[in-house]
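What follows is the residue order along each chain.
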Amino acid sequence: MTSGYGPAIRFARSFMTGWAPVVEREINIERGGRRLPASLFLPRAAVRRARAERRRPTPVWVILHGITRSGRDHPYLVRFARAVASAGQAAMVPEIPEWRGIELSTGATTSTISASLSALEEQRELASRQVGLVGFSFGAPQAIIAPTDPALAGRIACVVAFGGYCSVEESSRFQFTGAHELDGREESLAPDPYARWVVGANYLTRIPGYGTAGRVAEALRALAAYTGDNNVLATDPAIEPERRRLAASLASREQPLFETLAPPAGALPDPLRGGLVAEGLGEVMATIPELNPVPYLPRVDVPVRLVHGTADQLFPYTQTIKLGRAFPPDADVTTTITGLFAHASGRERTSLLHTASEALRFLNALASIFRLM
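A short tour of the structure in this document, coming up. Starting afresh in each chain, residues are numbered from 1 along the sequence in its written order. Thresholds applied to this predicted model are a pLDDT of at least 70 for local features of residues and 80 or more for the giving and counting of side-chain atom pairs; totals over whole chains, interfaces and linings are not thresholded and use all residues. Side-chain metrics rest on all non-hydrogen atoms present in the structure, leaving aside hydrogens and water.

Considering the pattern of salt bridges
Right, so step 1: What makes a salt bridge here is a side-chain nitrogen of Lys or Arg within 4 Å of a carboxyl oxygen of Asp or Glu, nothing more. Taken as a whole and judged by the stated rule, the model has 20 salt bridges.
Right, so step 2: The closest approach of N and O atoms between Glu181 and Lys322, which form a salt bridge, is 2.8 Å. Of the two residues, Glu181 sits in strand β7 (residues 179-182) while Lys322 sits in helix α13 (residues 317-326), which places them 141 residues apart along the sequence.
Right, so step 3: Only protein chains enter the accessibility calculation, which uses a 1.4 Å probe; a residue is then buried when its area is under 20% of its type maximum, exposed when over 50%, and partly exposed in between. Look at Glu181 and you get partly exposed, because its relative accessible area is 26%.
Right, so step 4: Exposure remark for Lys322: the relative accessible area of 16% places this residue in the buried category.
Right, so step 5: One continuous salt-bridge network, built from bridges that share partners, spans Glu26, Arg72, Asp73, Glu95 and Arg100. Under the DSSP-based scheme used, a helix requires at least four consecutive residues in state H or I and a strand at least two consecutive residues in state E, with every element numbered from the N terminus.

Here it is as structure tokens:
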């Protein structure tokens, strides 16, 4: 085990510059009788050693993408995986078609991870069976829950979760109001409407009294898909023509509900009606065990590293702080909150000292992650 700082520096250099001396390979995983694609990123040194039959264990990370149309091909995810391989550890990103289809499917998690682990056993460059799990956004709590599944017992060495959440009820309120709190201190941040559209697409019709809102739910799914298919942010005013088109495609009685979840760009939902929908969605999601990580935490028996940015507009950073606190006292868990990208939230901090301290904090977090393997 290294100090972790060498790999952390190589990762940071690759991620910032885009330079990645790695070998990329397309492979397949077999999941439930279905063949799915996956991307494998290998350090060049591991490939050279394998060709020379000098096998040295190469740690590998299985990376779960979030709810996104681009799936494993998301540009930032690819950049992250390349940087991991540049640091000397391999990375595998399996395609999760349900998540690419804007479905908040928890049933796909264990089967995808298990299939990925089986596929990795066939890669001759990876003599090690030391496999870590990384989850982004919705994939973060799914990665944390995964080691508690009997089918994966003893097969995952550690977990890293970026930008996850602790409470579905609190996350739902944030998505409608932008308000979040920690230790009684209230904060506010403009929420990214994408999360609201995705949650609405999946669970709107499960709210009592909203069972006939299927067309509204599908319009929300189409709007979320539009952002990914056209590489445009959900906060970008450029989505307005499509948003208005989808609204116009609905019956007049359906349009107010659609406008509640998808108001014009830059606007928050109506406080009264939006509050009722947010509460309903939170209550529905609270009944789905696999969406709620906290009850599983006492059974997570591997090291966990939590990372969150203060400018995250999908889930507020306070959710990760609360998640870290929810683990048992003796758990091997660390939480890193970084303000490196705080400019995106309008809370600019431009002092050189602040930037240096944030960079050091993030570097320490990366070193801690790479030390796990």
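Observations concerning the environment of Gln313
Right, so step 1: Mapped onto the elements, Gln313 comes out in the loop between β9 (304-309) and α13.
Right, so step 2: With 272 residues separating them along the chain, Gln313 and Phe41 place their C-alpha atoms 29 Å apart.

Observations regarding the pairing of strand β3 (residues 60-64)
Right, so step 1: Judged by how many residues are buried, β3 sits mostly within the fold: 5 of 5 residues are covered.
Right, so step 2: Burial along β3 is two-sided: the residues Val60, Val62 and Leu64 and Trp61 and Ile63 are all buried.
Right, so step 3: Direction of pairing for β3 relative to strand β4 (residues 90-94): parallel, over a ladder of 3 bridges. For Trp61, the partnering residue across the bridge sits in β4 and is Ala91.
Right, so step 4: The definition of a right-handed crossover adopted here requires that, viewed with the strands pointing away, the path from the first strand over the helix to the second runs clockwise. The parallel pair β3 and β4 is bridged by helix α3 (residues 75-86), and the resulting crossover is right-handed.
Right, so step 5: Any two strands between which DSSP finds at least two bridges are classified as paired. Summarising the sheet, β3 and strand β5 (residues 131-136) pair through 5 bridges and their orientation is parallel. Among the inter-strand pairings, Trp61 is bridged to a residue of β5, identified as Gly132.

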